[in-house]
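Inside the fold
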Amino acid sequence: MDGRDGMRAADADRQAVADRLRSAVDEGRLNLHEYDERLQRAYAARTYAELDVLLADLPAVTPPERSALAPDPAGPPDPAGGRPSPAAPRGVAARWLAEVWLPYLRVVATVVTIWAVTSVLSRDLLYFWPAWVAGPWGAVLAVRTVSGLAGGEPRRQAIERERRRRHKRAKRARRRELRAGGPDERDDPRPVG
């Protein structure tokens, strides 16, 4: 055993390899079966050499600011006006906030409208019961918003949404290829033999 390769790996080293393997799956470099095999081997690894083997065929991680594939800091051009669109992270956070708060705002608007209509019809200012809907639910959403923004929830949801979109596109493309290629062996009524 020579140098670093023979040294025993720590839990933090195993976790770093597991994180890199998870990134490789997200990037499409590993399928789930390969990921599972490598992850098991990573957590069972005793030395750095055993961990290094798991990442040998994967490219090194390049920080986005040094990557040749890094997005233009001005942002992609807006198809309508040709001007750069707003920064993606702000748009992602805005979309997440809308998904979290819009149902609340719709319900609160509905119950306040009901309260206002009943107050007008009774010709008396009724007890403002919508506060019992808006108050607790709003407090829960405020906590969720703060913890979600601090924990990076908007970005995680955007990544998951994009992953689902890519999966759907790939599935549609496979269907189109199958239709364009004519019947495959599953559609052939002749027995195999």
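Below you will find a few notes about this structure.

Conventions adopted
- Residues numbered from 1 in each chain as written.
- Predicted model: local features only at pLDDT ≥ 70, side-chain atom pairs only at ≥ 80, totals over all residues.
- Heavy atoms only, no water.
- Helix = DSSP H or I, 4+ residues; strand = E, 2+ residues; numbered from the N terminus.
- Buried < 20%, exposed > 50% of the residue type's maximum accessible area, 1.4 Å probe, protein only.
- Contact = heavy atoms within 4.5 Å.
- Areas by Shrake-Rupley, 256 points an atom, 1.4 Å probe, with all protein chains shown as cover.
- Salt bridge = Lys/Arg side-chain N within 4 Å of Asp/Glu carboxyl O.
- Patch = residues over 30% accessible without salt bridge, like charges linked within 9 Å, V, L, I, M, F, W, Y side chains within 5 Å.
- Lys, Arg positive; Asp, Glu negative; His and termini not counted.
- Charge placed at Lys NZ, Arg CZ, Asp CG, Glu CD.
- Core = buried A, V, L, I, M, F, W, Y, C linked by side-chain atoms within 4.5 Å.
- Axes fitted to C-alpha atoms, helices over the stretch in contact; angles between N-to-C directions.
- Parallel < 35°, antiparallel > 145°, perpendicular 65-115°, else oblique.

A tally of helices and strands in the chain yields 6 helices and 0 strands. Ordering the α and β elements of the chain from the N terminus gives α-α-α-α-α-α. Relative to its full complement of 193 residues, the chain shows a buried share of 19%. Contacts in the chain between residues at least 24 apart in sequence constitute 57% of all its contacts with a sequence separation of at least 6. Approximately 14900 Å² of the chain is accessible, and the part contributed by carbon and sulfur atoms is 60%.

Let's shift gears to the pattern of salt bridges. Inspection of every chain in the model, using the stated rule, returns 13 salt bridges. With its nearest N and O atoms 2.7 Å apart, the salt bridge here joins Arg29 to Glu27. According to the relative accessible area criterion, Glu27 is partly exposed, its value standing at 46%. Across the salt bridge formed by Glu99 and Arg161, the nearest N and O atoms sit 3.1 Å from each other. Here Glu99 is found in helix α4 (residues 88-122), whereas its partner Arg161 is found in helix α6 (residues 153-180), with 62 residues between them in sequence.

Glancing now at a positive patch on the surface. Together, Lys168, Lys171, Arg172, Arg174, Arg175, Arg176 and Arg179 make up a region of like positive charge exposed at the surface. Within the secondary structure, Arg174 is located in helix α6. Classification of Arg174 as partly exposed rests on a relative accessible area of 46%.

So, on to the nonpolar core. Val17, Leu21, Leu30, Ala42, Leu51, Leu54 and Leu58 are the most contacted members of the largest nonpolar core, which has 13 residues in total. Elements supplying a minimum of two residues to this core: α1 (11-27), α2 (32-44) and α3 (48-55). Examining the composition of this core, we find that 4 residues originate from one element, α1, more than from any other. Discounting residues that sit within four places of it in the chain, Leu54 has contacts with Val17, Leu21, Arg38, Arg41 and Ala42.

Two elements in contact, helix α5 (residues 131-151) and α6, have axes whose closest approach is 5 Å; the angle formed by their N-to-C orientations is 70°. Classified by the angle between their axes, α5 and α6 sit roughly perpendicular to one another. Listed contacts from α6 to Arg144, Gly148, Leu149 and Gly151 of α5 are Glu153, Pro154, Arg156 and Gln157.

Here we take up unusual backbone geometry. Even without being a glycine, Arg123 presents a positive backbone phi close to 55°. Topologically, Arg123 is positioned in the loop between α4 and α5. In this structure Arg123 comes out as exposed when scored by relative accessible area, which is 79%.

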